[in-house]
Amino acid sequence: MLVSVHLPKTAGTSFSQVLQDAYGDRFMRDYGDRPLQDSSWRRKSRALRARLSNVDRMVPESINCVHGHFLPLKYAALARRTNTDFITWLRHPVERAVSHYFYWVNDFNESDAGLLHKRVIEERWDLERFCLGPELRNVYSTFLWSFPIQRFSFVGITEHYVDDLQRFSRLILDGRPLLVSTENANQTRNIPSGEPPQPYEIDDDLRSRIAVHHHRDMALYESALMRRETDRADIGRGEC
């Protein structure tokens with residue numbers, strides 16, 4: 001079983017297509033929770049209730065891959081039923097936050113938007129208010145509540161998306177070839193298919209303040225970069 005946690009604006013939509021191609025009718029999407037739209041209490045209690053509920057009602061035996069916006073704790077009990085790999089992708093927290101802001105501003109649909117998204121639009125938040133406010137601080141840490149990143153079998157880095165797809169294939173799928181997809185990219189930035197996202201042009205002082213504000217996510221990102229180098233070294237030794 002593969003559980004893929006899609007952290008917002010980390011190429012998760014593109015990766016979803018990769019997983020669909022790889023797993024076919026054994027793939028399941030789960031985007032119903034919308035963790036960032038809830039209060040901390042509701043978000044955590046939903047994940048805990050799901051963890052304690054009957055796993056078979058959430059994931060049929062025919063499914064081998066679940067992907068979406070949810071706290072990984074929700075599916076922690078799957079390990080009791082079968083071997084389960086948890087995976088996710090991280091992007092530099094400053095770039096992720098800025099991308100998230102422009103995505104919400106440019107792709108607002110009132111009929112589908114959550115309460116927080118509507119608030120951002122109605123109150124006309126600027127980039128600084130969005131990135132330095134308390135509501136969306138340390139998004140990675142929010143999703144990974146009570147689920148240490150060390151429990152993930154694979155953590156990809158969005159800035160190395162194409163290379164890390166191959167690392168994912170070698171570590172999780174026994175080297176199976178994967179199709180590269182870049183769905184849901186920020187269309188205002190004209191990023192070629194398969195190319196890594198380029199840094200946003202923002203004031204250096206603001207960039208520094210955003211990094212400090214999201215210091216917990218910065219620490220997670222740095223640890224994931226170090227783990228990436230270890231994985232690459234291990235894979236390289238295995239190919240010798």
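Everything below is about the structure printed above this text.
Note that the coordinates shown come from a computational prediction; the quantities given were computed from them, not determined experimentally.

Cut-offs and rules
Residues numbered from 1 in each chain as written. Predicted model: local features only at pLDDT ≥ 70, side-chain atom pairs only at ≥ 80, totals over all residues. Heavy atoms only, no water. Core = buried A, V, L, I, M, F, W, Y, C linked by side-chain atoms within 4.5 Å. Buried < 20%, exposed > 50% of the residue type's maximum accessible area, 1.4 Å probe, protein only. Helix = DSSP H or I, 4+ residues; strand = E, 2+ residues; numbered from the N terminus. Contact = heavy atoms within 4.5 Å. Salt bridge = Lys/Arg side-chain N within 4 Å of Asp/Glu carboxyl O. 1 Å grid on protein atoms, 1.4 Å probe; cavity = no way out; pocket = protein on both sides within 12 Å on 5 of 7 lines; lining within 4 Å. Points joined across faces, edges and corners; volume = space filled by probe spheres on them. Nonpolar A, V, L, I, M, F, W, Y, C, P; charged D, E, K, R; others polar.

Student: Break down the nonpolar core for me, with residues and values.
Tutor: Soluble globular proteins tend to bury their nonpolar side chains together. Counting 52 residues, the largest nonpolar core has V59, V66, Y75, L90, V98, F130 and F152 as the members making the most contacts within it. When residues in this core are grouped by element, the largest group, 5 residues, is from helix α4 (residues 93–106). Once residues within four sequence positions are removed from consideration, V59 is found in contact with M1, M28, V66, Y75, L78 and R81. Grouped together as the second largest cluster of nonpolar side chains are 17 residues, L19, Y23, F168 and I172 included.

Student: So what's going on with the pattern of salt bridges? Which residues, and what values?
Tutor: Overall, the coordinates contain 15 salt bridges when judged by the stated rule. The partner of D164 in a salt bridge is R167, and the shortest N-O contact between them spans 2.9 Å. With D164 and R167 both in helix α8 (residues 161–172), this residue pair falls 3 residues apart, about one helical turn. In terms of burial, D164 and R167 fall into one category: buried. Of the charged contacts in the structure, one is a salt bridge between D231 and R167, with a shortest N-O distance of 2.8 Å. Residue D231 is located in helix α10 (residues 215–239), and its partner R167 is located in helix α8; the two are separated by 64 residues in the primary sequence. Neither D231 nor R167 differs from the other in exposure class; each is buried. The network of salt bridges with common partners includes D164, R167, R228, E229, D231 and R232.

Student: Please set out the layout of surface pockets residue by residue, giving values where relevant.
Tutor: The space that makes up the second largest pocket amounts to roughly 420 Å³. If you trace the second largest pocket, you find 21 residues lining it, with S40, R43, E135, R137 and T142 closest to the centre. Counting residues per element, the ones that place at least two in the lining of the second largest pocket are α2 (40–52), α5 (115–122), α7 (139–143) and α10. Looking at the lining of the second largest pocket, its residues break down into 9 nonpolar, 6 polar and 6 charged.

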